[in-house]
Structures are given as C-alpha cells and as structure tokens.
Amino acid sequence: MKNLQQDKNKKLQHLLSIEGLNKDIVERIFNDADKFLENKDTEFDGYTSLSGKTVCNLFFENSTRTQTTFEIAAKRLSANVINLDIATSSQSKGESILDLINNLIAMSVDIFVIRHSKPGIPELIAKNIKSDAHIINAGDGNREHPTQGLLDAFTIREFKKDFSTLKVAIVGDIEHSRVAKSQINILATLGAKEIRVIGPKSLMPRNIDDLDVNVFNTMEEGLKDVDVVMMLRIQKERMSNKTVPSESNYFKSFGLNQKRLKIAKDDAIVLHPGPINRGVEIESKVADGMQSVILNQVKNGIAIRMAVMAMMVGNK
Ligand code: CP
C-alpha cells in the first residue's frame, strides 16, 4: 500500500497515525520541538515556517487541548488560522466531508487538522484530496491520536532519558481510547523495555493479544516497578449504556490514588492526556501531586505541533 504519510522524498506529507512512522522521523520531530520549547537556538528560523500559509482546524468532536494548542502552534509559526465551527457550517445542509475539504482547498488552505468520531476519516481525506494540502489526524474515533502519542513520548523523554530501560503502564479504557493506540505504537517505535496495559477485561480490545503488550487486570500487579504511569479516562461517548462501568466501582478497582502509586517506582511519573475525571480514574492528590507531569504534557503539545507543521510545510 502507498505510504500516505511520506512523499517520494521521505518528507512528511500527512500525519495520520504513529503506526508506519519510523524512529528517525519521530526523533527529528522531538529535536525540532526541543528548539521551539526552549527557544535555545537563536539561529533557528522555524518561527516563520508557516508565513503566508493557512491552517484550518476542523473539529467534528469537542476538544480543549488539541484544538487550542494547534491554534497557538500555528500562530507561533506565523500562519493564518481558521477554526471552522462545524455546528454552524453547511455540513448541516448535507455537504459531504470531501466537498467541504475541496471548497476549503479552493480557499487555499494548506494544512487541515481534523478530529472526527469515525475511525479512518483523516486517511480517507488524505487519499482523496486533489492538492498538496497536508492532513493531520487530531483524533479519529478509537483509532489513533498521533500528536498526542508524540507529545506523551516527548514528555516522558523530558524526565526519563533512555526508553530502552523503561517499564510503562497504560491504565484504563484501552478499547475505546485512540490515545492508548498511539501510545502503544510510539513506545514500541522508541523501544520501551516493557509496555503494560492495565484495566478491566471488558475495556480491553479484542485484538489485545496481537499487540506487543503485557496485559494486567489489577493495579496491584500491573503497577509493580513501573517507571511511567499513563492514565486514561473512560470514553463513555464511545460506549453503549450497557458497557459503562459504575464510576465508584471503577475508582475502587482502577483509580490511581497515592497508595497505589507507591507500588510503582519511587521516581515514577504520572501522565494523563486530559480531560481528567477526578475521583473516577485519578485522585486529585495524584493529579496535582509531585509525580504528575500532566500540565507538562499540555505545554509540550504546542512545541510538538509546531514541529510537525513546520516539518510538513516549512519554507526552509
Ligand atoms: N488530549 C486531548 O485530546 O484533549 P482534548 O480532547 O481536550 O483535545
């Protein structure tokens, strides 16, 4: 199958998934993100990378962090930014998503940042557009959220230098989480020593045994000796009423509290992509505690998204 993500010169054309992205490109994104984050390289002229370009945020599902950080990232790179309000757009009049995209291309949009509840929509668009516009997947159903995977790994790298020594636990609703899929893929790409998934059997994907992960159904076993704990919320919006667990029972079995965090290594860090549901998957004392790097993830999201867009379109 044609590699949609890289063009014939191996340049990043679209970002649709972590799957298929090699370690070299991930490391180049991290190195560029370092420069944007710290602004330490005064010779780095990336800040005008998107001058004269237009970035369009198309969010068919709600977002706080992803949409806002893409907008900030694009503006820091000197782009024009459009946030199309889907609810008041002509989608309600029956316009197809490809017609919507082609109309925006006629308005000279260069990068589309797309979030959609249906898995595969960004890929479908990337396959069908008749221009050089770039597509970035900002989360498609339960499939992937590649910039979240990148910023999560970039945050781990800030605190833990060598992925090959790390035991990482991803905890919660693995089945419905696109973040979990991108996290598993990027940790594998970067050569993490062990990837664990922890959660109730009912929230594990059917193909979990095909993935290179170790599965645990209790926190007490799964958190033992881990360096990194990546918490996830329960994705109620992707469940039928029958499968939604009771919040209090879930917290009793899988909530991360201070006592459970002590099972992990003393210097373990805690991540969460947000939005967090306090008292459901994580206790406030942990979310706001010394080991939490949740707000580092948010800050790093801007640098990672700058690096991705600059790499795709950069005038340099
Ligand atoms: N992490 C994440 O995707 O958050 P938002 O849904 O707020 O964008």
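Computed from a predicted model, the values in this text were never measured in an experiment. (Residues numbered from 1 in each chain as written. Predicted model: local features only at pLDDT ≥ 70, side-chain atom pairs only at ≥ 80, totals over all residues. Heavy atoms only, no water.)

Visitor: Help me out: how do you make sense of the sheet that holds strand β5 (residues 167–171) in this one?
Guide: Sheet strands pair via backbone hydrogen bonds, and the direction of the pair is either parallel or antiparallel. Sheet architecture is open: 5 strands sit in the order β7-β6-β5-β8-β9, paired in parallel fashion. Looking at strand neighbours, the two that pair on one side only are β7 (214–216) and β9 (269–271), the edges of this open sheet. Taking the axes of each pair of neighbouring strands and ignoring which way they run, one obtains an average angle of 20° across the sheet. Judged from the 5 bridges that link them, β5 and strand β6 (residues 194–198) form a sheet pairing that is parallel. Counterpart to Ile170 in the pairing with β6 is Val197. This element, helix α6 (residues 178–189), spans β5, β6 and β8 (228–231) of the sheet and lies at about 170° to β5. (Pairing = 2+ DSSP bridges. Helix = DSSP H or I, 4+ residues; strand = E, 2+ residues; numbered from the N terminus. Axes fitted to C-alpha atoms, helices over the stretch in contact; angles between N-to-C directions. Contact = heavy atoms within 4.5 Å.)

Visitor: In this structure, what is going on with the site of the ligand? I would like to understand it.
Guide: Lining the immediate environment of the ligand, one finds Ser63, Thr64, Arg65, Thr66, Arg115, His145, Gln148, Pro273 and Gly274. Note that an oxygen atom of the ligand is positioned 2.9 Å from one of the side-chain N or O atoms of Arg115. Protein contacts shield 91% of the accessible area of the ligand, which totals 260 Å² for the unbound molecule. Residue classes in the shell around the ligand are distributed as 1 nonpolar, 6 polar and 2 charged. The residues that make up the shell around the ligand include at least three from each of domain 1 (2–144 + 298–313) and domain 2 (146–293). (Near = heavy atom within 4 Å. Polar contact = N/O pair within 3.5 Å; in protein donor to acceptor, adjacent residues only side chain to side chain. Areas by Shrake-Rupley, 256 points an atom, 1.4 Å probe, with all protein chains shown as cover. Nonpolar A, V, L, I, M, F, W, Y, C, P; charged D, E, K, R; others polar. Domains from an automatic or database assignment.)

Visitor: Honestly, the domain arrangement of the protein in this entry has me stumped. Any pointers?
Guide: Accessible area lost during the coming together of the parts is what is often quoted as the interface size. For the protein, the domain assignment lists domain 1 (2–144 + 298–313) and domain 2 (146–293). On a C-alpha basis, the centroid separation for the pair domain 1 and domain 2 is 26 Å. If you sort the residues of domain 1 by the area they bury against domain 2, Ile18, Phe30 and Asn142 come out on top, with a joint share of 27%. At the boundary of domain 1 and domain 2, one finds 3 salt bridges. In this structure, Arg157 and Asp34 form a salt bridge, with 2.7 Å as the shortest nitrogen-oxygen distance. There are 12 residue pairs in polar contact (both at pLDDT 80 or more) connecting domain 1 and domain 2. The class makeup of the residues in the side of domain 1 that touches domain 2 is 13 nonpolar, 11 polar and 10 charged. (Buried area = accessible area lost by both parts, 1.4 Å probe. Salt bridge = Lys/Arg side-chain N within 4 Å of Asp/Glu carboxyl O.)

Visitor: Please explain the sheet that holds strand β4 (residues 134–140) as it appears in this structure.
Guide: A sheet is described by the order of its strands in space; here 4 strands give the open sequence β2-β1-β3-β4, paired in parallel fashion. Single-partner strands in this sheet number two, and they are β2 (80–84) and β4. Averaged over all adjacent pairs, the angle separating strand axes in this sheet is 15°, with direction ignored. Here 5 bridges tie strand β3 (residues 111–116) to β4, and the two strands are oriented parallel to one another. Paired with Ile111 across the strands is His134, a residue of β4. Together, β3 and β4 form the strand contacts of helix α4 (residues 121–128), whose direction differs from that of β4 by roughly 165°.

Visitor: It is not clear to me how the pairing of β5 should be interpreted in this structure. Could you clarify?
Guide: Within a regular beta strand, the side chains point alternately toward one face of the sheet and then the other, so they alternate between its two faces. Counting buried residues along β5, 4 of its 5 residues qualify, which places the element largely inside the surrounding structure. With respect to chirality, the unit in which β5 leads through α6 into the neighbouring parallel β6 is right-handed. Two elements, β5 and β8, share 4 bridges in a ladder whose sense is parallel. Within the sheet, the bridge partner assigned to Val171 lies in β8 and is Met231. (Buried < 20%, exposed > 50% of the residue type's maximum accessible area, 1.4 Å probe, protein only. Right-handed = clockwise from strand over helix to strand, strands pointing away.)

Visitor: Mind showing me how you'd approach the nonpolar core here?
Guide: As a rule of thumb, soluble globular proteins bury nonpolar side chains together. Counting residues in each nonpolar core, the largest one holds 61 residues, and the members touching the most others are Leu150, Ile170 and Met309. Each of domain 1 (2–144 + 298–313) and domain 2 (146–293) accounts for three or more of the residues forming this core. Apart from residues no more than four positions distant in its own chain, Leu150 is found in contact with Leu15, Ile18, Val26, Ile29, Phe30, Ile186, Ile304 and Val308. Counting residues in hydrophobic clusters, the runner-up holds 24 residues, among them Ile234, Tyr250, Phe254 and Ala287. (Core = buried A, V, L, I, M, F, W, Y, C linked by side-chain atoms within 4.5 Å.)

Visitor: Is there a simple way to explain the packing of aromatic side chains in this structure?
Guide: Two numbers describe a pair of aromatic rings. These are the distance of the centres and the angle of the planes. This structure, assessed with the given rule, holds 3 aromatic pairs. On the numbers, 5.5 Å between centres and 50° between planes, the contact of Phe30 with Phe154 is tilted. Residue Phe30 is found in helix α1 (residues 23–38), and its partner Phe154 is found in helix α5 (residues 146–159); the two are separated by 124 residues along the sequence. Residue Phe30 shares its accessibility class with Phe154, and that shared class is buried. (Phe/Tyr/Trp six-rings, centres within 6.5 Å; stacked < 30°, edge-to-face > 60°.)

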